[in-house]
Every structure is written in C-alpha cells, then in structure tokens.
Amino acid sequence: MFSTIFFIALLFNAAATLRSSSYWSKFKSYFVSPDDGARESLLTTGDSESSPSHLKEKHSALLKKYLAVYLLAVLSDWMQGPYVYALYLEYGYSQHEIAQLFVAGFGSSMIFGTFIGGLADTFGRRKFVVVFSIIYALSCVTKHFRDYWILMIGRLLGGIATSLLFSVFDSWLIKSHNEAGVSSFLSKSFAVAQYGNSIVAISSGLVANKAADLTKLHPIGTEGTLLSKVYVGGYLVPFDLSFCALVVCGILVSILWGENYGNETQSADKEENANKKSWYSDFVEAYFTTIRSKDILYTGLVSSLFEGSMYIFVFMWTPAMKALMPDEDIPFGTVFATFMVCCMAGSSIFSTFIGSMKNEKFGVFVFSAATVAFILMTLANTAITAIIAFLLFETTVGCYFPMMGTMKSAIVPENKRAAIYNIYRIPLNFIVLFSLLTDLTPKTSFTFCIFMLATAACLQLRLSKRTQVIYTSVATKVADDLELGDIAEDLSTKNSED
C-alpha cells in the first residue's frame, strides 16, 4: 500500500512540476484552448517570457550562489534530525533526561537565538551565516561525548543555529534580490529553494541511513579512561557528515556571497553605530516595530501558528500511525519520502498560482486546506484516511514556505528583518515547548492544531483584505497623481500657447 501511495505522489509531483515549469508552454495546447492559453500568458508575472533576458541571467546567477550555500545548510540539518533522539537513547539516557535536552534546545532558540539572530541586521548577514556554520558544527562535535552537560551545551548551540538558519538566509536572499533589481523573481526563488530543500531531505535520509549502519557506536578509549566517554561510529556518522557539510557551507558563503545589512548605510558607519548600541537594542527596536504594526504582527502570528502545527505534526504522526496500524510494520522511510514528494508538489503549486493570484489570498487557501487536513486526521479511523490527511498537510507545507517568504519580504522592514524573523520564532517555540511538556494524545494534539490553523486562516484573511485596501489606496493615489499631472500639462501647454 505504501509503495503505491508513494508512486501516486510521484506522479502528482511530476504533473505539478511540469505545470509550473517553462516546458508547460510546449504542452499546454493539448490541455487548454488557445483562448485559455492567451489568458494565462497575460496573467503570468515575475518570471514570464516577456521579462528581459539580462534580468533572468542575473536572477539565475544569484539563485545559484544562494542555493549552493542554503542547500548545504539544510543538508546538515536534515542529516542530524532523525538521529538525535536515537543517539541519546543509545547513550542510555532516560526519557525524562532526553526530554530535558530537547526542551533546552527549543528554549535556547527562543531566548539566545532571538537576540543573536537579530544582530545579523547590524553586523552583516553573510558573517552570521559563517557564525551559523561554526555554531552548528560545534554542536555536532558535542554529540561524540557521552556526558549529559556537554550534550546540553550542544543542544543550546543547536537552538541558536536553528534560529539563524530560519532568519539570516531569507534576509540575505531578499536584500540581494532588491540590490540586484530582480525582486520580481523572489517568489520563484523561494519556490525553488523549497523544492530543493525537499530533494535534500529525501537524499540526506537515504545517505544518513546507510552511513549509520556502516559501523557500530563504540568508545575510542578503554573503561575508566578519559576517552571512554568519547564515542565514534553508528548514529554519530550522520553528525560527522553534517559537520563536513557545515565546513563547506562556511567556506562557500565566504567566497560566493556578498555582504548585506539591514539598511543602506555603509559597513564602516554601521560598525561604528553598532559599537554605540546596547547588545539588546536591535531586539527592543524590532519588538516595538512588530507590536505597533498590525500587518507585521499578524504575519508573525500566522507564521507561528502554522509552523507550530507543523512541529506538532512531526511529533505526532508516528504514534498516530502506530495506533491505527498496531500489528503492521510501517515503512517509515517510505512514508517520510512520500511526505517530501508532496512538499515538492506544494512548492510547484505555489509557482503555478502565484502569477494569477495575490500571494496573501493564496495564503488563505493554504491555511484553510491545512485546517481541513487536521480535521481529517482527528476523525480518521483508518490508516488510508490518515495518510491522505497527512499528505494533504505536507502539500500545504510545500506551498506555505515560499508563500510566507514572499509575504514577509513585502511586510517586514528591511532594517530589522532578521531581528523580527527571530521574534516570530518566540511564540513558535512556546507552542513546541507546550507540546513537549504535556502528555497529549495524537488526537488531542491534532484538535489543538485545528484551532491554531483556523485562527491562522482568519488572520490571513484579514491580512489579505488589509493589503487589498492598501494596494487600492496606492493605485487610487497614483491615478489621481496621473490625472493631476495631465491637468498641469494641459495648463502648461495652454499658457505657452497664450
């Protein structure tokens, strides 16, 4: 059954990818009438064939530089994910101790990551990608020690690195698009990055699984010596591969990326100003900017509610499947690969619709579909119903990240972007900690997600209406300005004739 579902998901992704690609124009005559094709060509924006070729070339070069670094960063993250819990268990720690380590990681992301990530706007985003690589690499090194407090330090470092991963990379990409004059291609860049992220997730899972089986976990020293607490092999091999990816990531970002900051001031002035500011001033300024703007605040709440539901899903889908199929051997690797294929399809769906639908309105459909998915999960009495719900939600995840990246790029001010992105992660980490610290059943957790996503859909609807009013007001003002300009020109012509 699972292999059949995976094959169907592959076909669905192939169709969605073809529809969103440039090859669709060669085949669409078989599926749509000429009138429909003409209408589609008028609606397509951003990366349309009418775009100047030199802009496409600039965008392609920029995107390649970004993906070379970004995909290595997410590769390092995906390599570690499946083996953190398994490694702690192999070291012999209790469920309570493991829970403490995980809570420390998310707590570190919420507290330390928020302040450190915000500094990237002032000191440079490229520099903080290098900081990310160093911090996350050190976190990998700590996994080799069978010592609770060293592992705790590793979790704290990992939490900070996670905050940087989900803020600094996007901030650099948005600013670079604006500086290069290719901001109209930003939605496509987010979609391609999400598509690549899903491919990396599948590939890293296969590679890490083979690597973990190469040797058994064992200490490098004899019992009673200092080296008896240092381990190699087994579940540590994926962390070693992650370490290598992070080293290459840090080197490539230093070579390929240019530096950019949160505003247009020169770097020398910025360093001078930074020395005069308190270490927490970026966070404070970003906080007040967030709470004073409904658009920025709503965007953060929507982001936290969806991503919080996503993390709860990650924690709960496995026990939910086991409860529905207690006597069967579930191929979790195949199921995870199917999830990622649906994420790829979701990013392609975003690319297809973004040319003909306002991004904020598309977000309403995404959150509504995610709500329906969790309703199906809650009501599911059979495995097939649950799997359909899971795949629907994963498809919305693929749509969500490029949609949210595009929306944040338009709403969040550039000079506080990385700081505000990290503030957005504070309620997200509260949701994750709540999920970890409470003993909720999968059904109860999914019910909680229904309310969160329904709230997100309502907030997104308000955002959509607010931006529509803003766009309408701007359009009206432009029209008025044009009309006044015409009147002034007529008067000027008349006066000259007189």
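In this text, all values refer to a predicted model and were calculated from it rather than measured experimentally.

Looking only at helices and strands, the protein features 20 helices and 2 strands. The proportion of buried residues among the 498 residues of the protein is 48%. Within the protein, contacts between residues at least 6 apart in sequence are counted, and of these 83% link residues at least 24 apart. When the accessible surface of the protein is summed, it comes to about 23600 Å², and 65% of that surface belongs to carbon and sulfur atoms.

Moving on, we come to helix H1 (residues 2-20). Across its 19 residues, H1 extends 27 Å between first and last C-alpha, which sits within 8% of the 27 Å expected from 1.5 Å per residue. Residues of H1 that are buried: Phe2, Ile5, Ala9, Asn13 and Ala16. One side of H1 holds all its buried residues, which, seen down the axis, span an arc of 75 degrees. Within H1, the exposed residues directed more than 90 degrees away from the buried face are Ser3, Phe7 and Ile8. Residues of H1 that are buried in the fold lie against helix H11 (186-212), helix H15 (294-324), helix H16 (332-353) and helix H18 (383-411).

Glancing now at the confidence of the model for the protein. Summing up the model confidence of the protein, the mean pLDDT is 83 and the portion of residues at 70 or higher is 83%. Every residue in residues 38-50 scores below 50 in pLDDT, and together they form 18 contacts with partners more than four places removed in sequence or on other chains.

Contact geometry for helix H4 (residues 53-80) and H11: axes closest at 9 Å, N-to-C directions at 35 degrees. Helix-helix and strand crossings are classified by hand; for H4 and H11 the assignment is right-handed. Of H11, the residues touching H4 (which contributes His59, Leu63, Tyr66, Leu67, Tyr70, Leu71, Val74, Leu75, Trp78 and Met79) are Lys188, Ser189, Val192, Ala193, Gly196, Asn197, Val200, Ala201, Ser204, Val207 and Ala208. Considering only residue class, the contact of H4 with H11 consists of 15 nonpolar, 5 polar and 1 charged.

With that out of the way, let us pick up the packing of aromatic side chains. Evaluation of the coordinates by the stated rule reveals 34 aromatic pairs. By the ring-pair criterion, three or more aromatic residues cluster together here, those being Phe306, Phe313, Trp317, Phe339, Phe367, Phe374, Phe390, Phe393, Tyr400, Phe401 and Phe446. The ring of Phe102 carries Arg155 above its face, with NZ or CZ at 4.7 Å from the centroid. Above the plane of the ring of Tyr421 lies Lys408, whose end atom (NZ or CZ) is 4.8 Å from the centre.

Two quantities define a packed helix pair, namely the angle between the helix axes and the distance between the axes. Between H4 and helix H10 (residues 168-180), whose axes approach to 11 Å, the crossing angle comes to 170 degrees. The angle between H4 and H10 places the two elements in the roughly antiparallel class. Counting all contacts with H4, which are made through Lys58, His59, Leu62, Tyr66, Val69, Tyr70 and Ala73, the residues of H10 involved are Phe169, Asp170, Trp172, Leu173, Ser176, His177 and Ala180. Broken down by class, the residue content of the contact of H4 with H10 amounts to 9 nonpolar, 3 polar and 2 charged.

Counted under the stated rule, the structure contains 7 salt bridges. Ionic pairing is found between Asp121 and Arg125, a salt bridge with its closest N-O pair at 2.8 Å. Here Asp121 and Arg125 have matching classes, each one buried. Here Arg125 makes a salt bridge to Glu414, at a shortest N to O gap of 2.6 Å. One end of the pair, Arg125, is in helix H8 (residues 125-142); the other, Glu414, is in the loop between H18 and helix H19 (417-437), and 289 residues separate them in sequence. Look at the salt bridges and you will find they share partners, linking Asp121, Arg125, Glu414 and Arg417 into a network.

For Asn260, the location among the structural elements is in the loop between helix H12 (237-256) and helix H13 (267-276). Residue Asn260 is classed as buried on the basis of its relative accessible area of 1%. A polar contact of 3.2 Å, which involves the side chain of Asn260, links it to the backbone oxygen of Trp172. Among all residues touching Asn260, those that are not within four sequence positions of it are Gly124, Arg125, Trp172, Lys175, Ser176 and Glu179.

Ranked by size, the top nonpolar core spans 111 residues in total, and within it Phe169, Phe390 and Phe393 carry the most contacts. Top contributing element to this core by residue count: H18, with 14 residues. What Phe393 contacts, discounting residues up to four positions off in sequence, is Phe306, Ser309, Met310, Phe313, Ala370, Ala373, Phe374 and Met377. Tyr83, Tyr88, Phe102 and Leu236 belong to the second-largest nonpolar core, a separate cluster that totals 20 residues.

It is worth spelling out the environment of Asp170 at this point. Looking at the element boundaries, Asp170 is found in helix H10. Spatially, the C-alpha atom of Asp170 lies 9.5 Å from that of Lys408, the residues being 238 residues apart in sequence. Those residues within four positions of Asp170 in sequence are excluded, and the remaining contacts are Tyr66, Phe190 and Tyr421.

To continue, consider helix H14 (residues 281-292). Turn by turn, an α-helix covers 3.6 residues, leaving residues three or four places apart pointing in a common direction. The end-to-end C-alpha distance of H14, which contains 12 residues, comes to 17 Å, matching closely the 16 Å that a straight helix rising 1.5 Å per residue would cover. Listed in full, the buried residues belonging to H14 are Ser281, Asp282, Ala286 and Thr290. Axial view of H14: buried residues confined to an arc of 165 degrees, hence all on one face. In this structure, the buried residues of H14 make contact with helix H6 (95-118), helix H7 (120-123), H15 and H19.

What follows concerns the side chain of Arg417. Residue position: Arg417 is located in helix H19. For Arg417, the side chain forms a polar contact with the main-chain oxygen of Ser409, separated by 3.3 Å.

A contiguous nonpolar patch, built from Val141, Phe243, Val247, Ile251 and Ile255 and spanning about 410 Å² of accessible area, is present on the exposed surface. Note on Phe243: relative accessible area 33%, which makes it partly exposed.

A few words now on the environment of Leu217. Within the secondary structure, Leu217 is located in the loop between H11 and strand E1 (218-219). Relative accessible area serves as the criterion here: at 19%, Leu217 is assigned to the buried category. When the C-alpha positions of Leu217 and Tyr91 are compared, they lie 9.3 Å apart, and in sequence the two are 126 residues distant.

Criteria and cut-off values
- Every chain's residues receive numbers from 1 upward, in the order its sequence appears when written.
- Per-residue local features are limited, in this predicted model, to residues with pLDDT of at least 70; the limit for side-chain atom pairs, both in listing and counting, is 80 or more; totals at the level of whole chains, interfaces and linings are taken over all residues.
- Remark: hydrogens and water are excluded; side-chain values derive from all non-hydrogen atoms of the structure.
- Runs of H or I in DSSP of at least four residues are treated as helices and runs of E of at least two as strands, each being numbered from the N terminus.
- Throughout, exposure labels follow a simple rule: accessible area from a 1.4 Å probe, protein chains only, divided by the maximum for the residue type, with under 20% read as buried, over 50% as exposed, and the rest as partly exposed.
- Contacts were defined at the residue level, with two residues in contact if any of their heavy atoms lie within 4.5 Å.
- Calculation of accessible area relied on Shrake-Rupley with a 1.4 Å probe; when residues are assessed, cover is drawn exclusively from the protein chains displayed.
- To estimate the expected span of a helix, count its residues, drop one, and scale the result by 1.5 Å.
- Think of it as the arc spanned by the lines of direction from the helix axis to the C-beta atoms.
- Confidence of the predictor in every single residue is expressed as pLDDT, which spans 0 to 100.
- Comment: axis = line fitted to C-alpha atoms, over the contacting stretch for helices; angle = value between 0 and 180 degrees taken between N-to-C directions.
- Rotating anticlockwise by less than a right angle from the far helix to the near helix defines a left-handed crossing, while the corresponding clockwise rotation defines a right-handed one.
- Under the scheme applied here, ten amino acids are nonpolar (Ala, Val, Leu, Ile, Met, Phe, Trp, Tyr, Cys and Pro), four are charged (Asp, Glu, Lys and Arg), and all others, including Gly, are polar.
- Two rings belonging to Phe, Tyr or Trp (six-membered ring only in the last case) form a pair when the distance between their centres is within 6.5 Å. Interplanar angles under 30 degrees mark stacking, angles over 60 mark edge-to-face geometry, and anything in between is tilted.
- For a Lys NZ or an Arg CZ to count as sitting over a ring, it must be within 6 Å of the ring centre and within 35 degrees of the ring normal.
- Throughout, the term roughly parallel applies to angles under 35 degrees, roughly antiparallel to angles over 145, roughly perpendicular to angles from 65 to 115, and oblique to all others.
- Basic side-chain nitrogens of Lys or Arg form a salt bridge, by our definition, when they fall within 4 Å of a carboxyl oxygen of Asp or Glu.
- Any N or O atom pair separated by 3.5 Å or less is treated as a polar contact, with the protein-specific requirement of one donor-capable and one acceptor-capable atom, and with residues adjacent in sequence counted only for side-chain atom pairs.
- Here the nonpolar core consists of buried residues drawn from Ala, Val, Leu, Ile, Met, Phe, Trp, Tyr and Cys, with membership extended through side-chain atoms lying within 4.5 Å.
- Only residues whose relative accessible area exceeds 30% and that form no salt bridge are eligible for patches; like-charged ones are grouped when within 9 Å, while nonpolar side chains (Val, Leu, Ile, Met, Phe, Trp, Tyr) are grouped when within 5 Å.

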